[in-house]
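Structural overview
For reference, the chains in residue letters:
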Amino acid sequence: MASINVRKDLGTLYFDFRYAGVRCREQTALKDTLVNRRIMKNTLKKMEKEMVEGTFDYHRYFPDGPNGHRFHRGGKAPLASKIKRAIPDTEVVGTPTFAEFAELWLGEMRIQWRETQYHTVENALQKHLLPVFGEQRVGQITKGDILAFRSGLANVPGRKGKTLSASRINHILTPLRMILNEAANRFEFTAPYHGIKSLKVPRTDVEPFSLEEVDMILRNVRADFRDYYLIRFFTGLRTSEIDGLRWEKVDLVRRQILVHEALVNGQVVPTKNDGSYRAVEMSLPVYQAFKALHESYNQGGNKKRAPNDYVFCTREGTPLRHDNVTKRIWYPLLRYLDLKPRRPYQTRHTAATLWLAAGESPEWIARQMGHSTTEMLFRVYSRYVPNLTRQDGSAMERLILSHLPSVTGGDHV
């Protein structure tokens, strides 16, 4: 009967099984732990199943095993075995497949992730990583394999016929990096991801609306969406935050919006990070919009708003679908006004640049936006400030010309 045993001298595990009438002992580099025993047990079950079906290929599992010369090669070897590996044999034989370790790792990480993050990583694994690396042993995957995979992703079609963006490719590679680094740490081999940097992502496309354009939009937008866009323009809320906003998070007494949740894939979840968990102050127009929304609902015989009702919703009370609103309301309005097509997310950028133009404290603006520091604020938005406030060095120039005429060689007023 097949079993998993431990070498007392080294403390490492090995397979002990019979195949074609021959007793085989195959050593691994795995230490005697519950996790490693579980991995090897799963591998052993797989081997036994293939032996019964007649598809077992000894060389596929143990390419350099001591008993390999006794058995004919059979079955299709995985792509990984066709590539020369510059690693010790014990690592090739002793580490689990990428699919096995990814399943274990994903289960261990789930407890510390939000549900949306878990599903994002799971999707990247199922769609991109497992089809390529699933059958390879984690100790066999090389830096060259990773770079070849990354190059291949650059040719994968994305949305609207375009190839995957650098940002999307980086997000796909993140779980690959985490899995291989963790495997290297547990099974004591050199991490192949070492030295591979993320692709450079172009700067955020920031095209805020001017006050004149904001006024045009609010005067011409459909009446039932005027307050929706007014609040977006003057609070900087993300699409997921305003679509997932419920009345229990709107404090009309303190004039604050408590941004604690977001609507992601149809589900209300906690905001994406601790910095996003914040209280946004209401300006007078925003306060008046919320107050009017709250009062209008109670007119005409409607039932009183419940605290968990969505502020903006469909007739059935379900949250808005942002893609539907964008296609049916937002883009047709921009075309009608002959304005350059811009994503609704530019309303958030507009709020930031207007706050900066008004001279608000950068620290306060960062808190309103949900940024933990002012670094992103200055990096992303500062170039728009001179255009709005004339704080572009001209004040210093006027000071010099007024008090130091000798510098320019003449008198100036």
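We now turn to the structure provided with this report. (Residues numbered from 1 in each chain as written. Predicted model: local features only at pLDDT ≥ 70, side-chain atom pairs only at ≥ 80, totals over all residues. Heavy atoms only, no water.)

What about the overall build of the protein?
Condition: To qualify as a helix, a DSSP run of H or I must reach at least 4 residues; to qualify as a strand, a run of E must reach at least 2; elements of each kind are numbered from the N terminus. For each residue, the accessible area found with a 1.4 Å probe, counting protein chains only, is set against the maximum for its type, and the residue is called buried under 20%, exposed over 50%, and partly exposed in between. Throughout, a residue-residue contact means that at least one pair of heavy atoms, one from each residue, lies within 4.5 Å. Shrake-Rupley sampling with a 1.4 Å probe provides the accessible areas, and residues are treated as covered by the protein chains on show and by no other component.
Tallying secondary structure elements over the protein gives 18 helices and 8 strands in all. By residue count, 42% of the 413 residues in the protein fall in the buried class. Long-range contacts, defined as pairs at least 24 residues apart, comprise 60% of the intrachain contacts of the protein with a sequence gap of at least 6. For the protein, the exposed surface amounts to about 24000 Å²; the carbon and sulfur share of it is 51%.

So, the sheet that holds strand S4 (residues 250-251)
The line we're drawing: The pairing criterion is simple: DSSP has to find at least two bridges between the two strands.
Here 3 strands make up an open sheet; going across it, the order is S4-S5-S8 and the pairing antiparallel. If you trace the sheet from one side to the other, it starts and ends with S4 and strand S8 (278-281), each paired once.

Looking at the pattern of salt bridges
Definition in use: When a carboxyl oxygen of Asp or Glu is within 4 Å of a side-chain nitrogen of Lys or Arg, the pair counts as a salt bridge.
As enumerated under the stated definition, the model contains 23 salt bridges in all. With its nearest N and O atoms 3.2 Å apart, the salt bridge here joins Arg254 to Asp251. Under the relative-accessibility criterion, Arg254 is labelled exposed at 60%. Overall, the relative accessible area of 17% leaves Asp251 in the buried class. In the salt-bridge network here, residues are joined through shared partners; they are Lys46, Glu50, Arg60 and Glu135.

Here's the deal with the packing of helix H8 (residues 211-220) against helix H9 (residues 223-235)
Here is the rule we go by: Each axis is a line fitted through C-alpha atoms, and for a helix only the stretch in contact is used; angles between axes span 0 to 180 degrees, taken between their N-to-C directions. When describing relative orientation, an angle under 35 degrees is termed roughly parallel and one over 145 degrees roughly antiparallel, while 65 to 115 degrees is termed roughly perpendicular and anything else oblique. Crossings are sorted by hand: turned counterclockwise from the far helix by less than a right angle, the near helix makes the crossing left-handed, and turned clockwise it makes it right-handed. Residues are grouped as follows: Ala, Val, Leu, Ile, Met, Phe, Trp, Tyr, Cys and Pro are nonpolar; Asp, Glu, Lys and Arg are charged; every other residue, Gly included, is polar.
Orientation of H8 relative to H9, taken along the N-to-C sense of each, is 160 degrees, at an axis distance of 9 Å. Accordingly, the angle class assigned to the pair H8 and H9 is roughly antiparallel. You can see that H8 and H9 cross each other, and the crossing is left-handed. Residues Val214, Ile217 and Leu218 of H8 touch H9, and the partners they reach there are Arg226, Tyr229, Leu230, Phe233 and Phe234. Class assignment of the residues belonging to the contact of H8 with H9 gives a composition of 7 nonpolar, no polar and 1 charged.

Things to note about the packing of helix H1 (residues 34-53) against helix H4 (residues 98-109)
Two numbers describe how H1 lies on H4: the axes approach to 10 Å, and their chain directions differ by 135 degrees. Judged by the angle between their axes, H1 and H4 are oblique. At the point where H1 passes H4, the crossing takes the right-handed sense. Judged by residue contacts, Val35, Arg38, Ile39, Asn42 and Thr43 of H1 engage Glu100, Phe101, Leu104 and Glu108 from H4. Considered class by class, the residues forming the contact of H1 with H4 number 4 nonpolar, 2 polar and 3 charged.

Some details on helix H5 (residues 115-133)
Rules: Values of bend correspond, residue by residue, to the angle between axes fitted over the seven residues ending at that residue and the seven starting there.
Of all the bends in H5, the greatest measures close to 45 degrees and is centred on Leu125. What H5 keeps buried is the set Thr116, Tyr118, Val121, Ala124, Leu125, His128, Leu129 and Phe133. Against H4, helix H6 (143-153), helix H7 (166-187), strand S6 (261-264) and strand S7 (267-270) lie the buried residues of H5.

Brief notes about the environment of Val206
Topologically, Val206 is positioned in the loop between H7 and H8. Classification of Val206 by relative accessible area gives buried; the value is 5%. As a C-alpha pair, Val206 and Gln346 span 140 residues in sequence and 6.9 Å in three-dimensional space. Leave out the neighbours within four places in its chain, and Val206 touches Gln346, His349, Val380, Tyr381, Arg383 and Tyr384.

A word on the sheet that holds strand S3 (residues 22-31)
One open sheet holds the 3 strands; their spatial order is S1-S2-S3, and the pairing between them is antiparallel. Where the open sheet ends on each side, the last strands, each with one partner, are strand S1 (3-6) and S3. If you compare each strand with its neighbour and ignore which way they point, the axes differ by 30 degrees on average. Pairing geometry for strand S2 (residues 12-19) and S3, over 7 bridges, is antiparallel. Of the residues in S3, the one forming a bridge with Arg18 is Arg23.

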